[in-house]
Amino acid sequence: MSLPGPAWPRLRVLRALWALLAVPWAPWRLWAIEDIQECTWQVVLNQFATVGKNRESDRFFDQEPLDTVGSVFSLLVDAPIDPDEKYLGFPYYLKINYSCKGESSEALVRKGHLTGLKPVVLVTFQSPVNFRHWKIEQLQIQMEAAPFRSTEPCSAEVCVMSWYTPMPIKNGSVVMHVDVSSNGLGPFIPDKRFQVNINGFLQRQRGNVPQFTMGNELLDLVPRYFVNAPSRPLWYTVDQAPVLILGGIPGEKSILLSDTSFKDFFLVELSIDSCWVGSFYCPQAGFTATIYDAIATESTLFIRQNQLVYYFTGTYVTLHESNHGSGSWVRVLATECIKKLCPVHFHSNGSEYIMALTTGKHEGYVHFGTITDGRVSFEMLPRQQSVCEGIQVVNCSITWATYTADDSSLLLLVEIEEPAIRKYFQVVRYDLVSDYLAILYTIPEFIPDAGGLEFLMILGTESYTNFPMVPKGMVYNPYNKLLFIWGNFLLQSYDKENFIYLADFPKELSIKYLVSSFRGDVAVVTETEEIWYLLDGGYRVYKLFPSEGWQVHVSLQAMHQSSLHAPNETMVTLFYEDNKLYQLVYLINNQQGQLVKRLVPVEQLLMYQQLSKRYLVQRQGSHPTLSFTNLCPFTVMRLRDLPNPQIYTRQERYRARPPRVLEPSGFHSENSLAVYQGLVYYLLWLHSKYDKPYADPVHDPTWRWWKNNKQDQDYFSYLASSWQSAGHVHIDMDSYEKIYDLQAEHELPERIFLDKGTSYRFSVFLTARGHSFKSEPEQGFLFKLQSQLGLGVVLANPDCIEAVVKQKVLVNRNSVLFWVTLSDKRVCFEQGISGHHLLTTSMLLKVVGSAGHCFQNTHQGPRMQGNLLVPVLIGCPPGKRLAFDITYTLQYNRLQNKHYFDCVHVDPEMPCFLFRDVFYPFFLIQDLVTGESGSFQGSYVLKVVGGGPTLDSIKEYSEEDIYRFNSPLDRTDSLIWTTKNRTTTKDSAFNIMSHQSLGIEWLCLENSPCHDTVPHSIFAPEFFFKVLVSNRGVDKSTYCDHQLTFLLHIHGLPLSAKRALFILMVSASLFVGLVLLYIAFCLLLPLMVKACNVLRWKINNIIASESYSTYVTSSRVFSSPSRTKARAGSRVGSRVSSRAVSRVAEENAAEPEETSRRRSLA
């Protein structure tokens, strides 16, 4: 792109510059602040090892949590944390600084810290593509940065410092926006957004050095890669692609790659073989290594080189939970000749898509690619016959293809060549579901003659010029349903059948590609690198480059010595980011080339052009003055009475502050930052696990974290105030919470979710320019005051939503107040799971006559007013769920049944219910976004879909079994439960329940799985029922298909008659046997005792006899002179011993008789 444009008179340029710089702009003096420094935030990533090191930054590709903070948490012995929990940390920190023009960054950061400045970081996680794998949610976490001194040696007390926060990672999200703002203290620094995305195409090599997996990084940007090379479009899945790629480098198999939306970038030479495969059916004029088409999706990159297509899947553990990354580039459609890749800008149905147009043998077919969790598959469409055969022509070629997810169809731009007539183009619709082709529109052969009008509705009766219409492509906006067909013209349509010709675009030019923000702005790049701009819904097309406004802008940038402009520059690409238009430009300044990303100031350019054309020089006294004509119909536009945004945006937000460090300087240490990491990780872990079917008594994910320590909060505060906290760190429990009361910021939300019958209401306040009121006579002498200010609301789907606008004229303020109410009509959506298959539409708010004329000056530059597009999503909003209200269920069951018996082994997480009691279940509708939790008042169907006597033996039931176990129509004695309610579904297959139902009676009939349950102990049998509750088809109050599956523990189940009789017989037999055994024992006991006594007597006699014999024998052996005495003594001793033995025997014989007498007396 070259800067020289039309040669304008020097006097005119000087007058315009003088007018812009010297004239006070009264209408735009709202933000005229001259003393504000030009300061900006700076953010880089640091790993644990590089925290505190200057000029260090890391690339974002590690995705696994680190077990590096557990040792630090083990030191916090007296803190409000659970010592049994395992705390992990994220692999990265965000390092935050700021700089101002002309001042030292290090001194500024120190000054900001001393004046109380603390950066506030808001990390927004993008929802995943595959909603079947991950929960759809809009999640944010707001963190306050912690000051940290550099670890490099320094002699001063505070040398270099920065602020740090953890860089959180969430499963299912690889795209993150980081918004940095000030806490309101210190210098004024405008808010700034950074793209911090995970790069799954890097891996760590030896020496801890990251390296690309799909090729080799080139460090030298050779000028021939960019100078005089044509610009090319940047194609990617909107809001989902973490890595953007751009090909088109002449003669090189290299691409530009960026994971920060080209804030920085890499030149990568791809590791493909660059071979040429050709045949008679693949027409190819020549071979080149250039990468022509490049498309980026959530985890996969696609390229086309010549007629070959390759893809490469990155390593994203947070998406796939395993390594699905490619080892090398994979070639697909190997037997096809691919002439073009067409992007699909939006994902749908849990997948992303891409289209490949063929040439050669399969001319007239489209290869439709589907990417799900990194797995790629292609299908050739149409399935039955080619497009040429379907529209009944001999020769045709598909020039472009666009996929519309609203009706699952392809819009094909088909070029038709017939021998008798010239070639012409048609728009053909192909239905992927029914495999049906239909011609929607035949593009005129020549460009219409608008006759000086801005636009022309093509009806077939208009006159035409001699310029042929040559269409090249199409772009479809799924929000406002606007279809553009572009070539050497611009056609737009809201219904794909009736088209409007935009006559402001010159027919002598040809569009190379069209870029849409999909939020109301469209930019066009021509073959001559001109840039044009238009607003969706409008008919004016504005030339941005080259133009008078561009020349003024470049002159002003040269006066400010801007580094983003140079005399010699080449545009590489043009793209939208956050509704702002950006260029990627290669600059050559002083023979040094660099590639920069710069903003295209659309509003400033339009304002400069307006001022340069509508000014008047008048003489007042002795000096001339300038006066301008302002075409904006109002001077002030404000949005008022905006409701709190979270209920409509479904944005969940958490707040986390760093732990308090017990150090006078307030600087954090590595340990305190590690604690901050662990706390933020645990906070998000609690969020991810807050999906229990049993509702907590308090509806908040953080309640379980602090519920056991809240009563000791004053004690922990006392320890901190006396500097006695363990580890010199104090954890404030109130610093980690979920925010439910975000306030509106005087602007419409980024998106609006509408449930069945809900509405969004706000007001627009407009102050008219000059006198814009007039009175119209009514009946009698009454007059009605009318304002010339008009507000229009354009709805993309008027059959589904409606808008009501009421006007109130404020004469004393020369203003008008418009009340706008946007409502759902309850007709365009069936029930769906929360966040799934939403109907995409939009609301366009337009002030009549404001397009391209009304601007508001802010500290960040002018902003366009009077044209607001808001996407509207109809269906079940994300963040709503159905939960089992166990707290109220227990209370109500105890009240109705007059008692409550829990299981013998109490489980506080799953209380038991008694079989013979009537069971009254209650459920909650919990809003995870607003924190509301109320009783579910709708109707629902309850089914037992599984069960087992123990948790380990639970099994799923088949559809046939579910019908038998739950349907009141069952006649096989298989019912598990019944109810006295008589309301059933349309087919009478299942009972319809509500919060006013008469309860559930448990049956467990003969053929049910809970019948005749075998007890595992002396207690009554138990059973675990797996219960499914759904309101689908029976609840007309919401679009939400609430489905809840939970386990219900029932105890006290009765035994079957056979098993009860068997147990009775066995028990009776055992009892009778024990009684008989006792009686027999009592009768035989005396005889047994007598026999034992007799036996003992005999044994004693034997022992005594043996003892006597032994004594006599030993006496004879030892004879002496006193033998006579000994013999006399022995005789005496023998008499005595014999008498003693006789006495003992008599006593033993008398004992049984005495025992018998005692028993008879008893």
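Placed above this text is the structure.
Here we summarise the structure given alongside this text. Keep in mind that this is a model prediction, so the values were computed, not measured.

1. Quick notes on the overall build of the protein chain
Here is step 1 of the chain: Check the secondary structure of the protein chain and you find 15 helices and 70 strands.
Here is step 2 of the chain: For the protein chain, with 1162 residues in total, the buried portion stands at 51%.
Here is step 3 of the chain: Sequence-distant contacts in the protein chain: of pairs separated by 6 or more residues, those separated by 24 or more amount to 64%.
Here is step 4 of the chain: Of the accessible surface of the protein chain, which amounts to about 55,700 Å², a share of 53% is contributed by carbon and sulfur atoms.

2. Some details on the sheet that holds strand β63 (residues 933-935)
Here is step 1 of the chain: The three strands are arranged β60-β62-β63 in an open sheet whose pairing can be described as antiparallel. Edge positions in the open sheet fall to β60 (880-884) and β63, since each of these has one partner strand only. Across the sheet, the mean angle separating the axes of adjacent strands is 30° when strand polarity is ignored.
Here is step 2 of the chain: Both β60 and strand β62 (residues 923-927) contribute to a ladder of five bridges, which runs antiparallel. Each bridged residue has a counterpart across the sheet, and for A883 the counterpart in β62 is L924.

3. Here we look at the pattern of salt bridges
Here is step 1 of the chain: Scanning the model with the defined rule gives 40 salt bridges in all.
Here is step 2 of the chain: Two residues, E363 and K339, come together in a salt bridge whose shortest N-O distance is 3.3 Å. One end of the pair, E363, is in the loop between β21 (352-359) and β22 (366-372); the other, K339, is in strand β20 (residues 337-343), with 24 residues separating them in the sequence.
Here is step 3 of the chain: For K339, a relative accessible area of 26% corresponds to the partly exposed category.
Here is step 4 of the chain: Among the ionic pairs, D961 bridges to R964, the shortest N-O distance being 2.8 Å. Of this pair, D961 and R964 both sit in helix α13 (residues 959-966), separated by three residues, roughly a single helical turn.

4. Some thoughts on the pairing of strand β64 (residues 940-948)
Here is step 1 of the chain: Counting buried positions along β64 yields eight of nine residues, so the element is predominantly enclosed.
Here is step 2 of the chain: Sheet analysis places β64 next to strand β67 (residues 992-993), joined by two bridges and oriented antiparallel. Across the sheet, Y940 pairs through a bridge with M993, a residue of β67.
Here is step 3 of the chain: As paired elements, β64 and strand β69 (residues 1022-1030) share seven bridges and run antiparallel to each other. Bridging from a neighbouring strand, G948 pairs with F1024 of β69.
Here is step 4 of the chain: Sheet topology note: the β64/strand β65 (residues 955-956) ladder contains two bridges and is antiparallel. Along β65, the bridge assignment pairs G947 with K955.
Here is step 5 of the chain: With antiparallel pairing between neighbouring strands as the criterion, β64 and β65 make up a hairpin whose turn holds six residues.

5. Brief notes about the state of the cysteines
Here is step 1 of the chain: A full pass over the atoms with the stated rule returns seven disulfides.
Here is step 2 of the chain: Paired by a disulfide, C39 and C100 hold their sulfur atoms 1.8 Å apart. Torsion about the S-S bond of the C39 and C100 cystine: about 100°, corresponding to right-handed handedness. Placement of the pair is C39 in strand β1 (residues 39-47) and C100 in strand β2 (residues 92-100), with a sequence separation of 61 residues.
Here is step 3 of the chain: Overall, C39 belongs to the buried group, its relative accessible area being 8%.

6. Digging into a nonpolar patch on the surface
Here is step 1 of the chain: Judged by side-chain polarity, F1071, V1072, V1075, L1076, Y1078, I1079, L1083, L1084, L1087 and M1088 come together as a nonpolar surface patch covering roughly 1,000 Å² of accessible area.
Here is step 2 of the chain: Looking at where L1083 falls in the secondary structure, it is placed in helix α14 (residues 1057-1117).
Here is step 3 of the chain: The class for L1083 is exposed, based on a relative accessible area of 61%.

7. Re helix α3 (residues 105-114)
Here is step 1 of the chain: Within α3 the residues assigned to the buried category are L108, V109, G112 and H113. Along α3, the residues classed as buried sweep out an arc of 135° about the axis, all on the same side. In α3, the exposed positions that point more than 90 degrees away from the buried face belong to K111 and L114.
Here is step 2 of the chain: Each element contacted by the buried residues of α3 is listed here: β2, β5 (146-149) and β6 (161-166).
Here is step 3 of the chain: Immediately beyond the C-terminal end of α3, within one or two residues, lies G116, with a positive phi of roughly 95°.

8. Some words on the sheet that holds strand β23 (residues 375-381)
Here is step 1 of the chain: An order of β20-β21-β22-β23 is seen for the four strands of this open sheet, with the pairing classed as antiparallel. Each having just a single partner strand, β20 and β23 make up the two edges of the open sheet. Averaged over all pairs of adjacent strands, the angle between their axes in this sheet comes to 25°, without regard to strand direction.
Here is step 2 of the chain: Summarising the sheet, β21 and β22 pair through six bridges and their orientation is antiparallel. In the strand pairing of β22, E352 is matched with I371.

9. Re the packing of aromatic side chains
Here is step 1 of the chain: In total, this model carries 55 aromatic pairs according to the counting rule given.
Here is step 2 of the chain: Taking the centre distance of 5.7 Å and the plane angle of 55° together, the rings of Y715 and F716 count as tilted.
Here is step 3 of the chain: Among the residues examined, F716 registers a relative accessible area of 7% and is labelled buried.
Here is step 4 of the chain: Ring centres 4.9 Å apart and planes at 65° place the aromatic pair F913 and F919 in the edge-to-face group. Each member of the pair, F913 together with F919, is buried.
Here is step 5 of the chain: The ring of Y582 has K597 sitting right over it, with the charged end atom 4.6 Å from the ring centre.
Here is step 6 of the chain: The ring centre of Y690 lies 5.2 Å from the NZ or CZ of R881, which sits over that ring.

10. Describing the side chain of S162
Here is step 1 of the chain: In this structure, S162 sits in strand β6.
Here is step 2 of the chain: Owing to a relative accessible area of 4%, S162 belongs among the buried residues under this scheme.
Here is step 3 of the chain: At 3.0 Å, the side chain of S162 forms a polar contact with the side chain of N97.
Here is step 4 of the chain: For S162, the contacting residues outside a window of four places in its chain are K95, I96, N97, A146, P147 and F148.

11. Some words on the nonpolar core
For soluble globular proteins, nonpolar side chains are generally found buried alongside one another.
Here is step 1 of the chain: Counting 103 residues, the largest nonpolar core has M167 and M214 as the members making the most contacts within it.
Here is step 2 of the chain: In terms of residue count, the dominant contributor to this core is helix α9 (residues 670-688) (ten residues).
Here is step 3 of the chain: With residues near it in sequence (within four places) discarded, M167 still touches L45, F60, F90, Y92, Y93, L94, V123, M176, V178 and V196.
Here is step 4 of the chain: Within the second largest apolar cluster, 59 residues are counted, among which are Y311, V332, I416 and M469.

12. Some words on the packing of helix α6 (residues 548-559) against helix α7 (residues 602-613)
For any two helices packed against each other, one specifies the crossing angle of their axes together with the interaxial distance.
Here is step 1 of the chain: Their axes nearest at 8 Å, the elements α6 and α7 cross at an angle of 110°. By the angle between their directions, the pair α6 and α7 is classed as roughly perpendicular. Every pair of crossing elements has a handedness; the one defined by α6 and α7 is right-handed. Between α6, through E548, G549, W550, V552, H553 and L556, and α7, the contact on the second element is made entirely by Q604, L605, Y608, Q609 and S612.

Reading guide: rules and limits
- Residues numbered from 1 in each chain as written.
- Predicted model: local features only at pLDDT ≥ 70, side-chain atom pairs only at ≥ 80, totals over all residues.
- Heavy atoms only, no water.
- Helix = DSSP H or I, 4+ residues; strand = E, 2+ residues; numbered from the N terminus.
- Buried < 20%, exposed > 50% of the residue type's maximum accessible area, 1.4 Å probe, protein only.
- Contact = heavy atoms within 4.5 Å.
- Areas by Shrake-Rupley, 256 points an atom, 1.4 Å probe, with all protein chains shown as cover.
- Pairing = 2+ DSSP bridges.
- Axes fitted to C-alpha atoms, helices over the stretch in contact; angles between N-to-C directions.
- Salt bridge = Lys/Arg side-chain N within 4 Å of Asp/Glu carboxyl O.
- Disulfide = S-S within 2.5 Å.
- Patch = residues over 30% accessible without salt bridge, like charges linked within 9 Å, V, L, I, M, F, W, Y side chains within 5 Å.
- Arc of directions from axis to C-beta.
- Phe/Tyr/Trp six-rings, centres within 6.5 Å; stacked < 30°, edge-to-face > 60°.
- Lys NZ or Arg CZ within 6 Å of the ring centre and 35° of its normal.
- Polar contact = N/O pair within 3.5 Å; in protein donor to acceptor, adjacent residues only side chain to side chain.
- Core = buried A, V, L, I, M, F, W, Y, C linked by side-chain atoms within 4.5 Å.
- Parallel < 35°, antiparallel > 145°, perpendicular 65-115°, else oblique.
- Left-handed = near helix turned anticlockwise from the far one by under 90°.

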